[in-house]
Amino acid sequence: MLDQHFMIDKELLQRIVEAADIKKTDTILEIGPGTGNLTELLLEKAKHVYCIEKDTALVKQLQEKFKGKNITIICDDAIKVKFPEYNKCVSNLPYTICEPLLWKCTRIKYDCLVFVVPRKFTVFFTKILIAGLRRCNSGPLPDIRQNPADSAMPLRLLMPKD
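A brief structural summary.

Analysis parameters
- Along each chain, the written sequence defines residue order, and numbers are assigned to residues from 1.
- For this predicted model, a pLDDT threshold of at least 70 governs which residues receive local features, and a threshold of 80 or more governs which side-chain atom pairs are given and counted, while totals over whole chains, interfaces and linings are taken from all residues.
- Hydrogen atoms and water are omitted, and side-chain values are computed over all heavy atoms in the structure.
- A helix here means a DSSP run of H or I that spans at least four residues, while a strand means a run of E at least two residues long, and both kinds are numbered starting from the N terminus.
- Exposed residues in this analysis have more than 50% of their type's maximum accessible area, buried residues have under 20%, and partly exposed residues fall in between, with area computed by a 1.4 Å probe over protein chains only.
- Here a strand pair is declared whenever DSSP counts at least two bridges between the two strands.
- The rule is short: rings of Phe, Tyr and Trp, with Trp giving its six-membered ring, pair when the centres are within 6.5 Å, and they are stacked under 30 degrees, edge-to-face over 60, tilted in between.
- Think of it as a cone above the ring: NZ of Lys or CZ of Arg counts as a charge over the ring if it is within 6 Å of the ring centre and within 35 degrees of the ring normal.

Considerations on unusual backbone geometry
In step 1: In this model, D21 sits at a positive phi of 45°, which is unusual for a non-glycine residue.
In step 2: Relative to the assigned elements, D21 resides in the loop between α1 (10–20) and β1 (27–31).

Below you can see the structure in the form of structure tokens.
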């Protein structure tokens, strides 16, 4: 069974796209596009969008919905597949692959990464990331809020409104 949650909140979708600061020269990777609600907004702004979707029924829907657009839809497992070349990754991640996908992304070069993940996961991942950085770096942790350009992983977090 696939972990599927389709985002339909137009305001949140717009905030995600704005956080990525997409230009007409950007090539975007979207993981788990589902029904294509976020994809639609990405296509309006980017040069090209690559989508990786595991569900074959959704892939068929996406192919029909975005026929003739600047999009490549890849039917595969995002954890296992080799990513195409992109400079920004913008995704409402399937929750069950958050951790392995973020670890995979730490080994790839990109300009920006905007992921929507559950709040519980952000707390869990932050603890793991900080613990790992402390083991690898005897000096103080860099404060990426003060100087985001120094961050090895340019990650923007959007917190849901309570």
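Now that the structure is up, let's keep going.
Focus on the pairing of strand β4 (residues 88–92)
Consecutive residues of a regular strand have side chains that alternate between opposite faces of the sheet.
In step 1: Taking burial as the measure, the five residues of β4 include five buried ones, the bulk of the element.
In step 2: Of the two faces of β4, both are covered, the one formed by K88, V90 and N92 as well as the one formed by C89 and S91.
In step 3: Across two bridges, the pairing between β1 and β4 is parallel. Looking across to β4, one finds that I28 is bridged to K88.
In step 4: With five bridges joining them, β4 and strand β5 (residues 112–116) adopt parallel strand pairing. When the sheet's bridge partners are listed, C89 is paired in β5 with L113.

Considerations on the packing of aromatic side chains
In step 1: According to the stated counting rule, one finds one aromatic pair in the structure shown.
In step 2: Here F83 and Y86 contribute two aromatic rings whose centre-to-centre distance is 6.2 Å and whose plane-to-plane angle is 70°, an arrangement assigned as edge-to-face.
In step 3: Residue class for Y86 comes out buried when judged on its relative accessible area of 10%.
In step 4: A cation sits over an aromatic face here: K104 above F83, 4.0 Å from the ring centre.

Keep in mind these values describe shape, not function.
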